[in-house]
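Listed here are the chains, written in short residue letters.
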Amino acid sequence: MDVIAVDIGGTHARFAIAEVADGRVVALGEPVTLKTAEHASLQTAWQAFEKKLDRPVPRAAAIGVASPITGDVIRMTNNPWVIRPSLIPERLGADTYTIVNDFGAIGHAVAQLPADDFEHLCGPDTALPARGVITVCGPGTGLGVAQVFRIDAGYHVLPTEGGHVDYAPLDPIEDAILKRLRRTFTRVSTERICAGPGIVAIYETLAEMEGRPVPTRDDKAIWREALEGTDSIALAALDRFCLALGATAGDLALAHGANGVVIAGGLGLRIKDRLIRSGFDQRFVAKGRFQSMMAGIPVKLITHPQPGLFGAAAAFAQEHGA
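Per chain, residues are indexed from 1 in the order of the written sequence. Only residues with pLDDT of at least 70 get local features here, since the model is predicted, and only at 80 or more are side-chain atom pairs given and counted; chain-wide, interface and lining totals rely on the full set of residues. Note that water and hydrogens are dropped before the side-chain values are worked out from all heavy atoms of the structure.

Undergrad: Kindly report on a nonpolar patch on the surface, identifying the contributing residues and their values.
TA: A surface patch of nonpolar side chains, about 260 Å² in accessible area, is lined by Leu254, Phe290 and Met293. Strands here mean DSSP runs of E at least two residues long; helices mean DSSP runs of H or I at least four residues long; both are numbered from the N terminus. Looking at where methionine 293 falls in the secondary structure, it is placed in helix H11 (residues 291-295). Each residue is assigned to one of three classes by its accessible area relative to the maximum for its type, calculated with a 1.4 Å probe on protein chains only: buried under 20%, partly exposed between the two thresholds, exposed over 50%. On the basis of relative accessibility, which here comes to 43%, the residue methionine 293 falls in the partly exposed class. Like charges are joined within 9 Å and nonpolar side chains (Val, Leu, Ile, Met, Phe, Trp, Tyr) within 5 Å, but only among residues with over 30% relative accessible area and no salt bridge; these make up the patches. Computed with a 1.4 Å probe, the accessible areas rest on the Shrake-Rupley method; for each residue, only the protein chains presented here act as cover. Counted as salt bridges are all cases of a side-chain nitrogen of Lys or Arg within 4 Å of a carboxyl oxygen of Asp or Glu.

As structure tokens, this is what we get:
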């Protein structure tokens, strides 16, 4: 059957038609990406997507949301939309629907995608484990975290809010980053550093340490200059970001008892070459007495272009046996 797959993040909402059968995703159509800031609600963005279709609209919805899924009022973490699941049939015209945390959706994608949709980052260059726990984490507008528990009969996905655990600095530079962030936030979570906007605090800290002027700049400009290599402080901030992400991914793997890790998120894909060369791998395994155990964990980068849409459709297929 066909479903409308939706992936709603802090900045963008993506839509596509997916075909599902026998609990799995068979095909995913061409995605349409809309800016959340340009639409008042999920309903108006949904209507904009409908206008772009040249076919009847499926009456089934698979929706991934960058927010905890609790109760009947879902307030987005990084955008102002409010979603009420009980109103989905009325507002969206969907007779059947699944709504899942966005990184829960990524977890479903990790469980169902073939091996060629993953690229090796560090650890043993082996396939993700067929049994056990896979930690999934990834930077975007926020830091998403989930677990995939693989068993013989299939898999379970456990969405989490692991990106909001306390940030743990590991050297004097990271101590300075934390001190700077504490001027604004009493409690500094890992997401304040290991998500796209986090590069601003890293950049400003490094510029201050160098005795340079600290201009007010947004994260997009810093990321652009870091990836283009046109600003040495921005480039150093990118390296610091990768180190922090490596340490965080290792901490999450320890906490989850994982025997595999997947880095996801649109930003993860953009910086994949830098991750491989940045020291990410050294920070991932640097866990004291557990270093040898950490070195045995395969770490992959998901390279599918739309894992959120694919995963939302996979969650629908699993829930409804479609």
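Undergrad: Go over unusual backbone geometry, please, and point to the residues and values.
TA: Not every positive phi belongs to a glycine, and aspartate 22 is a case in point at roughly 55°. Structurally, aspartate 22 can be placed in the loop between strand E2 (12-21) and strand E3 (24-28). Overall, the relative accessible area of 74% leaves aspartate 22 in the exposed class.

Undergrad: Quick rundown of the layout of surface pockets? Include the residues and the values.
TA: Remark: the empty space left among the atoms is shown by a probe the size of a water molecule rolled over them. Roughly 1,100 Å³ of internal volume is contained in the largest pocket. Of the grid points, spaced at 1 Å and generated over the protein atoms alone, those admitting a 1.4 Å probe that cannot get out make up cavities, while open sets with protein on both sides within 12 Å along at least five of seven lines make up pockets; any residue with an atom within 4 Å of a point is treated as lining. Lining the largest pocket are 44 residues; nearest its centre among them are Pro139, Gly140, Thr141, Gly266 and Leu267. Within the residue set of the lining of the largest pocket, elements represented by two or more residues are strand E1 (2-8), E2, helix H3 (102-112), strand E10 (132-139), strand E11 (143-151), helix H6 (219-228), helix H8 (266-270) and helix H12 (307-320). Grid points are joined across faces, edges and corners, and a volume is the space filled by probe spheres set on the points.

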